[in-house]
Amino acid sequence: MFKGEAVILIVEDNTIIRMSAVDLVQSAGYLALEARCADEAIYILESRDDIDLVFTDVQMPGTMDGIKLSHYIRERWPPVKLIVASGKAILEESSLPQGSRYFSKPYNDHAIADAIGRMLSKDAC
Amino acid sequence: MRAIPVKKVPTAHPEAASTLAVVVSSNEPLLFLTEDQTVIAASSSFCQAFEIDPATIPGRRLRDIGSGEWGLPKLTSLLKATASGSAQIDAYEIDLERPSQAARRLVVNARRLDDGDKQRVRLLLAVTDVTDMRAEARLKDDLVRDKAILMQEVQHRVANSLQIIASVLMQSARRVQSEEARGHLHNAHHRVMSIAAVQKQLSTSKAGKVELRTYFTQLCESLGASMIADTDQLSLAVTVDDSAVDADVSISLGLIVTELVINALKHAFTDQSKGRIAIDYSSTGKDWTLSVSDNGVGLPTGDDAPKPGLGTGIVEALARNLDGTLTLSDANPGTVVTVSHRGAQQRHASGPAA
């Protein structure tokens, strides 16, 4: 959380899709941070400790794809919630860290906003 | 037995002329051998395929013909086993290596020919060069795999493109001031998502057909998620048989359903909070019927009243495209819009009957 608002990190290499995801997150009332690939995402996660949820694409250039990144984040920063999106119609949710959600592209904006809302409210004490 | 000089056909046991003729004229490369692997005759096809002068063959040991490349230890021992009756070589694969030539993959079949005379055991060795056939099969496998990879690439790009379009429409809808304009942009967004749903299904379907039950269910779930606040009050019910159709047809049907459901949600329940919209589809042979019905306010009275569900003209255009008949009627309560297609219908004067 940052100044009372939940912080969502968006990881997506396609500029237009990333911009739309930022718009989606901001319209839902959250703070949006952006990264173009796994390496950038990790750099951002290392430099601040207020990130609540990571919303990542799967197919990305660089050292890790979205699935590997989600496992890496779960290992290093367990409290961070995870949502993974991909162009594949089906992905085994069992290949993702427990409790993370998967959406195939094109995703329904409302569905993502709902999922973020539900996942964030789970750890409200 | 005394050594028989090379180049003379062994005369101790003369072969029947007909046997030799059959061997020599065989289409498949064929060798006719004695028990101790001396070649009695070789088919012309053998000599041609393996570039051996036919004159140099009869009377030579198998391991001595050509440049000695046929002295393959494995082949020799297999022929020995065949001669003794303890084995039969069936489709055995072996590589033939010749100097300054690429290896050839061979499939060999051997038989023991026994007419009762122990002095006259003969072997028949059939040789097929499958090198090219195998290379073609590997190439085909590579192409199939490349095609699968390419298809995945395409699927990914299409999903991304549809995401971009859907997102841009939503972004615009969020920014636009007028409620009417926002409505149009939301509708456009729904239409894009209905096409995206077909795309998703196609990527996992085997025959390139779209199963309508799955498709319409997903479509209505998506529409309900964005447009219905309380599903206890307003519900969408999908009843579809096992029909599966081509992508183009499913897109048209999906757009019709999207249009009619959006319109029912906007117009049918203006003075009531509870309602149900039913989407039904069934087909028999080439005939099919699609209907979207609601239990809401029903058709407005008067001829000038706008017809619900058909205002935009999209539904009429799509129904025409599918060679379907559009009907609108009272469901008492509510309205039902039906598109039906009868395969035997001749809608056009020209052209053969369906």
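This text follows the structure it describes.
Residues numbered from 1 in each chain as written. Chains lettered and ligands numbered in written order. Predicted model: local features only at pLDDT ≥ 70, side-chain atom pairs only at ≥ 80, totals over all residues.

## Observations regarding the overall build of chain A
For step 1, the next point in the chain: Looking only at helices and strands, chain A features four helices and five strands.
For step 2, the next point in the chain: Starting at the N terminus and walking to the C terminus, you meet the elements of chain A as β-α-β-α-β-α-β-β-α.
For step 3, the next point in the chain: Relative to its full complement of 125 residues, chain A shows a buried share of 39%. (Helix = DSSP H or I, 4+ residues; strand = E, 2+ residues; numbered from the N terminus. Buried ≥ 20, exposed ≤ 12 C-beta atoms within 10 Å, placed from the backbone.)

## Quick look at the overall build of chain B
For step 1, the next point in the chain: Within chain B, the regular secondary structure consists of eight helices and twelve strands.
For step 2, the next point in the chain: Looking at chain B as a whole, 27% of its 354 residues are labelled buried.
For step 3, the next point in the chain: Counted over contacts in chain B with a minimum sequence separation of 6, partners at least 24 positions apart contribute 55%. (Contact = placed C-beta atoms within 7 Å.)

## Some points on the environment of Gln37(B)
Residues and elements named next belong to chain B.
For step 1, the next point in the chain: Looking at the element boundaries, glutamine 37 is found in the loop between β1 (30-34) and β2 (39-42).
For step 2, the next point in the chain: Remark: the alpha-carbon pair of glutamine 37 and arginine 61, spanning 24 residues in sequence, is separated by 5.8 Å.
For step 3, the next point in the chain: Leave out the neighbours within four places in its chain, and glutamine 37 touches Arg61, Leu62, Thr76 and Leu79.

## So, unusual backbone geometry
For step 1, the next point in the chain: A cis amide bond links Lys105(A) to the next residue, Pro106(A), at an omega of -5°.
For step 2, the next point in the chain: Mapped onto the secondary structure, Pro106(A) falls in the loop between β5 (101-104) and α4 (109-121).
For step 3, the next point in the chain: Residue Pro333(B) is bonded to the preceding Asn332(B) through a cis peptide linkage, with omega at 10°.
For step 4, the next point in the chain: Mapping Pro333(B) onto the fold places it in the loop between β11 (325-330) and β12 (335-341).
For step 5, the next point in the chain: Here the phi dihedral of Glu51(B) falls at roughly 55°; this positive angle occurs in a residue that is not glycine.
For step 6, the next point in the chain: Topologically, Glu51(B) is positioned in the loop between α2 (44-49) and α3 (73-83).
For step 7, the next point in the chain: Located in the positive-phi region is Ala91(B), a residue other than glycine, with phi close to 45°.
For step 8, the next point in the chain: With respect to the secondary-structure elements, Ala91(B) resides in the loop between α3 and β3 (92-96).
For step 9, the next point in the chain: Among the residues examined, Ala91(B) registers 10 C-beta atoms within 10 Å and is labelled exposed.

## Concerning the environment of Val261(B)
All names here are of chain B.
For step 1, the next point in the chain: Checked against the element boundaries, valine 261 lands in helix α7 (residues 247-267).
For step 2, the next point in the chain: Looking at valine 261, the number of C-beta atoms within 10 Å reads 24, which means it is buried.
For step 3, the next point in the chain: Counting along the chain gives 17 residues from valine 261 to alanine 278, while the straight-line C-alpha distance between them is 9.0 Å.
For step 4, the next point in the chain: If sequence neighbours within four positions are ignored, valine 261 has contacts with Cys220, Leu223, Leu236, Ile277 and Val292.

## A word on helix α6 (residues 212-227) of chain B
Residue and element names in this part refer to chain B.
For step 1, the next point in the chain: In this model, α6 (16 residues) spans 22 Å end to end at C-alpha, consistent with the 22 Å of a helix rising 1.5 Å per residue.
For step 2, the next point in the chain: Inspection of α6 places Leu212, Tyr215, Phe216, Leu219, Cys220 and Leu223 among the buried residues, and these make up the whole buried set. Down the axis of α6, the smallest arc covering the buried residues is 120°, so these residues share one side.
For step 3, the next point in the chain: Tucked inside the fold, the buried residues of α6 contact α5 (179-204), β6 (209-211), β7 (234-240), β8 (244-246), α7 and β9 (275-284). (Expected span 1.5 Å × (residues − 1). Arc of directions from axis to C-beta.)

## A short note on the sheet that holds strand β5 (residues 122-129) of chain B
Residues and elements named next belong to chain B.
For step 1, the next point in the chain: Read across the sheet, five strands follow the order β2-β1-β5-β4-β3 without closing on themselves; strand pairing throughout is antiparallel. The open sheet has two free edges, formed respectively by β2 and β3, since each of these has just one partner strand. Strand-to-strand, the axes of this sheet are offset by a mean angle of 30°, without reference to chain direction.
For step 2, the next point in the chain: Relative to strand β4 (residues 104-113), β3 is paired through five bridges, and the arrangement is antiparallel. (Pairing = 2+ DSSP bridges. Axes fitted to C-alpha atoms, helices over the stretch in contact; angles between N-to-C directions.)

## Topic: the interface of chain A and chain B
For step 1, the next point in the chain: The partner chain B presents 21 residues to the 17 residues of chain A that form the contact.
For step 2, the next point in the chain: Tallied by class, residues from the side of chain A that touches chain B come to six nonpolar, eight polar and three charged. (Nonpolar A, V, L, I, M, F, W, Y, C, P; charged D, E, K, R; others polar.)

## Quick word on the sheet that holds strand β4 (residues 81-86) of chain A
All names here are of chain A.
For step 1, the next point in the chain: Ordered in space as β2-β1-β3-β4-β5, the five strands form an open sheet in which the pairing is parallel. Looking at strand neighbours, the two that pair on one side only are β2 (31-35) and β5, the edges of this open sheet. Taking the axes of each pair of neighbouring strands and ignoring which way they run, one obtains an average angle of 20° across the sheet.
For step 2, the next point in the chain: Judged from the four bridges that link them, β4 and β5 form a sheet pairing that is parallel. Within β5, the position partnered with serine 86 by the bridge is serine 104.

## A closer look at the nonpolar core
For step 1, the next point in the chain: Counting 43 residues, the largest nonpolar core has Phe216(B), Ile256(B), Val257(B) and Val261(B) as its most contacted members.
For step 2, the next point in the chain: With eight residues, α7(B) is the largest single contributor of residues to this core.
For step 3, the next point in the chain: When we break this core down by domain, the ones giving at least three residues each are domain 2 (132-206) and domain 3 (209-354) of chain B.
For step 4, the next point in the chain: Counting 34 residues, the second-largest nonpolar core is a separate cluster that includes Ala6(A), Ile17(A), Ala32(A) and Ile51(A). (Core = buried A, V, L, I, M, F, W, Y, C linked by C-beta atoms within 7 Å. Domains from an automatic or database assignment.)

## A look at the pairing of β2(B)
Residues and elements named next belong to chain B.
For step 1, the next point in the chain: For β1 and β2, the ladder comprises three bridges, and the chain directions are antiparallel. Within β2, the residue paired with leucine 31 across the bridge is alanine 42.
For step 2, the next point in the chain: Once β1 ends, the chain turns through four residues before running back antiparallel as β2, passing glutamine 37 with a positive phi of about 65°.

## Points about the packing of α5(B) against α7(B)
Residue and element names in this part refer to chain B.
For step 1, the next point in the chain: Put simply, α5 and α7 touch, their axes get as near as 9 Å, and they point 145° apart. Remark: the crossing between α5 and α7 carries right-handed chirality. Residues Asn187, His190, Arg191, Ser194, Ile195, Ala197, Val198 and Leu202 of α5 form the contact with α7, whose participating residues are Ala247, Ser250, Ile251, Gly254, Leu255, Thr258 and Ile262.
For step 2, the next point in the chain: Among the residues forming the contact of α5 with α7, the class breakdown is eight nonpolar, six polar and one charged. (Left-handed = near helix turned anticlockwise from the far one by under 90°.)

## Digging into the packing of α6(B) against α7(B)
Residue and element names in this part refer to chain B.
For step 1, the next point in the chain: It is the contact of α6 with α7, at a shortest axis distance of 11 Å, that shows an interaxial angle of 35°. Crossing of α6 over α7 shows right-handed handedness. Where α6 approaches α7, its residues Leu212, Tyr215, Phe216, Leu219, Cys220, Leu223 and Met227 are matched on the opposing element by Ser250, Gly254, Val257, Thr258, Val261 and Leu265.
For step 2, the next point in the chain: Residues belonging to the contact of α6 with α7 are distributed by class as follows: ten nonpolar, three polar and no charged.

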